[in-house]
Amino acid sequence: MSEHDANARFIRESLTEPDAIARARAHGVELGAAPISVAVGSQIAVLAAATAARSIVEIGTGAGVSGLWLLRGAPQAVLTSIDNEPEHLAAARQSFSDAKVPATRARFITGRAADVLPRMNEDAYDIVLVDADPENVIDYVEHGLRLVRRGGIVLVPRVLAGGRVADPVQRDEITAGYRSLIQETQESSAVLATVSPAGEGLLQLISLAERD
């Protein structure tokens, strides 16, 4: 077993998930919602706590898993969850209720992110999580950077595409898009960017842009 594989296995076996999130995960898997891993969930919870986030947007609900992790780190935040699948939103709403998240802490929007995001206020959020429609990830990140305040964070899980991004032979559109996103954000003066390899990978972008 390689050092990377050993580290990944250790992380998987060491991290624990609260019962409410584990139940949401089980339901999400049944629905085919593909919720984020425990490794990524624990990372976004820490980031939400570190930024003392008060206003969060997630694109893609994961049947409530990602939202519950975010609110675990920032229990006073208000989360806006956008998803084109009514069944996934309904599952997230139920998962939040089961976890006793106050109704005032979450709002759910059914619709295509491409239609919803342009209508949202700029410079108004602390965190935007992008976890939907990988073919549109670059557009969603651009919207996310517009929506977050200076110093706010845009998070993109699954950015390593199951190892395909690291393999130069893989040239499909989604893999190439993730690869370009990582490279371009590393070179951009508008963001501070890093990638965590834990779980399915997590791109983290801090907005440095000054706005008029």
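Residues numbered from 1 in each chain as written. Predicted model: local features only at pLDDT ≥ 70, side-chain atom pairs only at ≥ 80, totals over all residues. Heavy atoms only, no water.

What to know about the pairing of strand β2 (residues 78–83)
To keep it simple, the criterion reads: Burial here depends on accessible area, computed with a 1.4 Å probe over protein chains only, as a share of the maximum for the residue type. Under 20% is buried, over 50% is exposed, and the range in between is partly exposed. A run of DSSP states H or I qualifies as a helix once it reaches four residues; a run of E qualifies as a strand once it reaches two. Both are numbered from the N-terminal end. Only strands that DSSP links by at least two bridges are regarded as paired with each other. By definition, the crossover connecting two strands over a helix is right-handed if that path, from the first strand to the second, turns clockwise as seen with the strands pointing away from the viewer.
Of all 6 residues that make up β2, 5 are buried, and the element is covered over most of its length. Bridge count between strand β1 (residues 55–59) and β2: 5 bridges; the pairing is parallel. Paired with Ser55 across the strands is Val78, a residue of β2. Handedness of the β1-helix α4 (residues 65–73)-β2 crossover: right-handed. In this structure, β2 lies alongside strand β3 (residues 106–110), joined through 5 bridges in parallel fashion. Within β3, the position partnered with Ser81 by the bridge is Phe108. Read as a crossover between parallel neighbours, the route from β2 over helix α5 (residues 86–98) to β3 is right-handed.

Quick word on unusual backbone geometry
The general pattern is negative phi for most residues beyond glycine and trans for most peptide bonds. Phi is positive for Asp123, which is not a glycine, with a value near 55 degrees. Asp123 sits in the partly exposed class, given a relative accessible area of 40%. A positive phi angle, near 50 degrees, is found at Ala161, a position not held by glycine. Residue position: Ala161 is located in the loop between β5 (148–157) and α8 (173–187).

Describing a negative patch on the surface
Worth spelling out the cut-off: Candidate patch residues must exceed 30% relative accessible area and have no salt bridge, after which like charges are joined if within 9 Å and Val, Leu, Ile, Met, Phe, Trp or Tyr side chains if within 5 Å. Note that accessible areas follow from Shrake-Rupley with a 1.4 Å probe, and for residues the cover is restricted to the protein chains shown. By definition, a salt bridge exists where a carboxyl oxygen of Asp or Glu is found within 4 Å of a side-chain nitrogen of Lys or Arg. His residues and chain termini do not enter the charge count, which takes Lys and Arg as positive and Asp and Glu as negative. We put the charge of a Lys on NZ, of an Arg on CZ, of an Asp on CG and of a Glu on CD.
A cluster of acidic residues, Asp139, Glu142, Glu184 and Glu187, forms a negative patch on the protein surface. Residue assignment for the negative patch shows that the elements contributing at least two residues are α7 (137–147) and α8. Following the sequence through the fold, Asp139 ends up in helix α7.

Overview of the layout of surface pockets
Condition: Using a 1 Å grid laid over the protein atoms alone, points where a 1.4 Å probe fits but cannot get out form a cavity; open sets with protein on both sides within 12 Å along at least 5 of 7 lines form a pocket; any residue with an atom within 4 Å of a point counts as lining. Grid points are joined across faces, edges and corners, and a volume is the space filled by probe spheres set on the points. Three classes are used: nonpolar for Ala, Val, Leu, Ile, Met, Phe, Trp, Tyr, Cys and Pro, charged for Asp, Glu, Lys and Arg, and polar for all others, with Gly counted as polar.
Volume-wise, the largest pocket comes out at about 420 Å³. What lines the largest pocket is a set of 27 residues, and nearest its centre among them are Gly60, Asp131, Ala132, Asp133 and Pro134. Elements represented by at least two residues in the lining of the largest pocket include exactly β2, α7 and α8. Across the lining of the largest pocket, the residue classes tally to 14 nonpolar, 6 polar and 7 charged. Computed from the structure, the second largest pocket encloses a volume of approximately 340 Å³. Ala8, Pro197, Ala198, Gly199 and Glu200 are the residues nearest the centre of the second largest pocket, which is lined by 16 residues in total. Taken together, the elements giving at least two residues each to the lining of the second largest pocket come down to α1 (3–14) and α3 (38–50). With 5 residues, the top contributor of residues to the lining of the second largest pocket is α1. In terms of residue class, the lining of the second largest pocket is built from 8 nonpolar, 6 polar and 2 charged.

Some thoughts on the packing of α7 against α8
What counts here: Interaxial angle, 0 to 180 degrees, is taken between N-to-C directions of lines fitted to C-alpha atoms, where a helix line uses only the stretch in contact. Two residues qualify as a contact provided that any one of their heavy atoms is within 4.5 Å of a heavy atom in the partner residue.
Across the interface, α7 lies against α8 with an axial gap of 9 Å and an inter-helix angle of 35 degrees. Across the interface between the two elements, Val137, Ile138 and Val141 of α7 pack against Gly177, Tyr178 and Leu181 of α8. A per-class count over the contact of α7 with α8 returns 5 nonpolar, 1 polar and no charged.

Quick notes on the nonpolar core
We count it as follows: As used in this record, nonpolar core signifies buried Ala, Val, Leu, Ile, Met, Phe, Trp, Tyr and Cys residues forming a set joined through side-chain atoms within 4.5 Å.
Among the nonpolar cores identified, the biggest contains 28 residues, and Leu117, Met120, Val128, Val130, Val141, Val154 and Val156 are the most heavily contacted of them. Among the secondary structure elements, those contributing two or more residues to this core are β1, α6 (113–116), β4 (125–130), α7, β5, α8, β6 (191–196) and β7 (202–207). It is α7 that provides the largest number of residues to this core, a total of 5 residues. Beyond its immediate stretch of four places on either side in the chain, Val154 contacts Val128, Val130, Val141, Gly144, Leu145, Val148, Leu203, Gln204 and Leu205.

Points about the sheet that holds β6
By definition, the strands of a sheet pair up through backbone hydrogen bonds, in either a parallel or an antiparallel sense. Across the sheet, 7 strands lie side by side as β3-β2-β1-β4-β5-β7-β6; this open sheet has mixed pairing. Each end of this open sheet is capped by a strand with a single partner; those strands are β3 and β6. In this sheet, adjacent strand axes meet at a mean angle of 15 degrees when their direction is disregarded. Each of β1, β4, β5, β6 and β7 touches α7; the most contacted strand, β5, lies at about 155 degrees to it. Of the strands in this sheet, β5, β6 and β7 are in contact with α8, which crosses β6 at around 135 degrees.

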